[in-house]
Structures are given as C-alpha cells and as structure tokens.
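Structural features, examined
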Amino acid sequence: MKLLTALLLAFLVTACGDDGPPEPQATETTTPASEEMKTSSTDPVLEVYKSPTCGCCGAWVDHMKANGYEVVVHEQQNLQSIKEKAGILPGQGSCHTAFIGDYVIEGHVPASDVDRLLAERPDAKGLTVPGMPVGSPGMEMGDRVDAYDVLLFDENSTEVFSHYPGN
C-alpha cells in the first residue's frame, strides 16, 4: 500500500512538474454560478497559475469555484517565474500559485482559510500549503487525510495559520 501511495504521489508530482520555458496559454474565466456564493461582484478575482496537465490543480480550482470564488486560470508549463514574483521561499512551494487582492495563495489552501485571510487582512504576503498533502482540497484520495498546516508567510517569517489533523 505504501508503494502504491508513493507511486501515485510521484505520478502527481510529475504531472504537475515544471518543464520548459514559460508559455502563457489560454485563459479560462468563470463566475460564481449561484446567489449563495460567498463572493460578490466587488470581491477580487482569484488568478490561478497552473500547469495545463495538472489534475490536482484543476480539482483545487473546482473547490474554490464551489466555495464562491470567481476564478481566472492561466496555464503555463513553467511556474518558476510566477513563484519568484510571489516571493515563495524554498520549502514553501506547491504545484500552483494564485493571487487574490494583495495576497498570494500557494498550493492546496482550503477556501475557508482564504475566506479568513480576506476577512482578517493580516500584514503578510499570503498563505501556503507546502507540498501536496493528501486530503487537502484537490488532493483527495479516498478516506485518507494526512495532517498538514496552512502557513501565513512574508519575506521574514512563517507561522501556522490553520492546522488540519490527519486520520
């Protein structure tokens, strides 16, 4: 079972890998589908940069849409320049990078944490979920949920914003 999990994770990381020069691709724009959504027309748009072949990134985008976010997706092969622009430090990265308002959202951050970030407006660069923890939004694998932290970060520090226990 551990070997199967390791192989699946290796496949996902490879599918989300950065290879080749940055090539902006088609942009997909979506708007909230119901009036029950949390965002309004005056709320900022979530700009997501992801690989065109990354399924877990697409699943995270679906999670954000389902939670009321207006999302614009920018697909490109190499995200390194985006991560550098965002100020993502080594060890903080994941497979996709997003921007909303003045904040960076790196990786599989739950929508509830983005809601809280936008409500509290802390003095920070943004939130990150380093790596690709199983059970985080977009990384669902059956009933398995690994423990992970959502980190609030800026140029000089990182602190736990939320903790999600595993099972």
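Report on the accompanying structure.

Each value, and the rule that gives it
Residues numbered from 1 in each chain as written. Predicted model: local features only at pLDDT ≥ 70, side-chain atom pairs only at ≥ 80, totals over all residues. Heavy atoms only, no water. Helix = DSSP H or I, 4+ residues; strand = E, 2+ residues; numbered from the N terminus. Buried < 20%, exposed > 50% of the residue type's maximum accessible area, 1.4 Å probe, protein only. Contact = heavy atoms within 4.5 Å. Areas by Shrake-Rupley, 256 points an atom, 1.4 Å probe, with all protein chains shown as cover. Pairing = 2+ DSSP bridges. Right-handed = clockwise from strand over helix to strand, strands pointing away. Phe/Tyr/Trp six-rings, centres within 6.5 Å; stacked < 30°, edge-to-face > 60°. Arc of directions from axis to C-beta.

Moving on, we get to the overall build of the protein. A count of helices and strands for the protein gives four helices and eight strands. The order of α-helices and β-strands along the protein, N terminus first, is α-β-β-α-β-α-β-β-α-β-β-β. In the protein, which comprises 167 residues, the proportion classed as buried is 43%. Excluding contacts between residues fewer than 6 apart, the proportion of contacts in the protein whose partners are at least 24 apart in sequence is 61%. Within the structure as shown, the protein displays about 8600 Å² of accessible surface, and the carbon and sulfur contribution to it stands at 54%.

With respect to the element layout, S157 can be found in the loop between β7 (148-153) and β8 (158-164). Residues S157 and A124, 33 residues apart in the sequence, show an inter-C-alpha distance of 9.1 Å.

Turning next to the pairing of strand β3 (residues 71-75). Summarising burial for β3: four of the five residues are buried, a large majority. Pairing analysis gives five bridges linking strand β2 (residues 46-50) to β3, with the strands arranged parallel. Within β3, the position partnered with E47 by the bridge is V72. For the crossover from β2 across helix α2 (residues 55-66) to β3, the handedness is right-handed.

Let's shift gears to the packing of aromatic side chains. Scanning all chains against the criterion turns up two aromatic pairs. Considering the side-chain rings of Y148 and Y164, the 4.9 Å spacing of their centres and the 15 degrees angle between planes classify their relative orientation as stacked. Residue Y148 is located in strand β7, and its partner Y164 is located in strand β8; the two are separated by 16 residues in the primary sequence. According to the relative accessible area criterion, Y164 is partly exposed, its value standing at 23%.

Counting through the fold element by element, S136 comes out in the loop between β6 (126-129) and β7. With a relative accessible area of 0%, S136 lands in the buried category. Not counting chain neighbours up to four residues away, the residues in contact with S136 comprise H108 and Y148.

Take helix α4 (residues 111-120) next. Buried within α4 are the following residues: A111, D113, V114, L117 and L118. The buried residues of α4 occupy an angular sector of 160 degrees when the element is viewed end-on, so they sit on one face. Packing partners of the buried residues in α4 comprise α2, β4 (97-100), β5 (103-107), β6, β7 and β8. Looking at the residues trailing α4, positive phi occurs at R121, about 50 degrees.

What follows covers the environment of P165. Topologically, P165 is positioned in the segment after β8. Assessed through its relative accessible area of 55%, P165 is described here as exposed. Apart from residues lying up to four places away in sequence, P165 is in contact with V145 and A147.

With that settled, the discussion passes to unusual backbone geometry. With a phi angle near 50 degrees, R121 is a residue other than glycine that sits in the positive phi range. Within the secondary structure, R121 sits in the loop between α4 and β6. A residue is classified by how much of its surface remains accessible, and R121, at 48% relative accessible area, is partly exposed.

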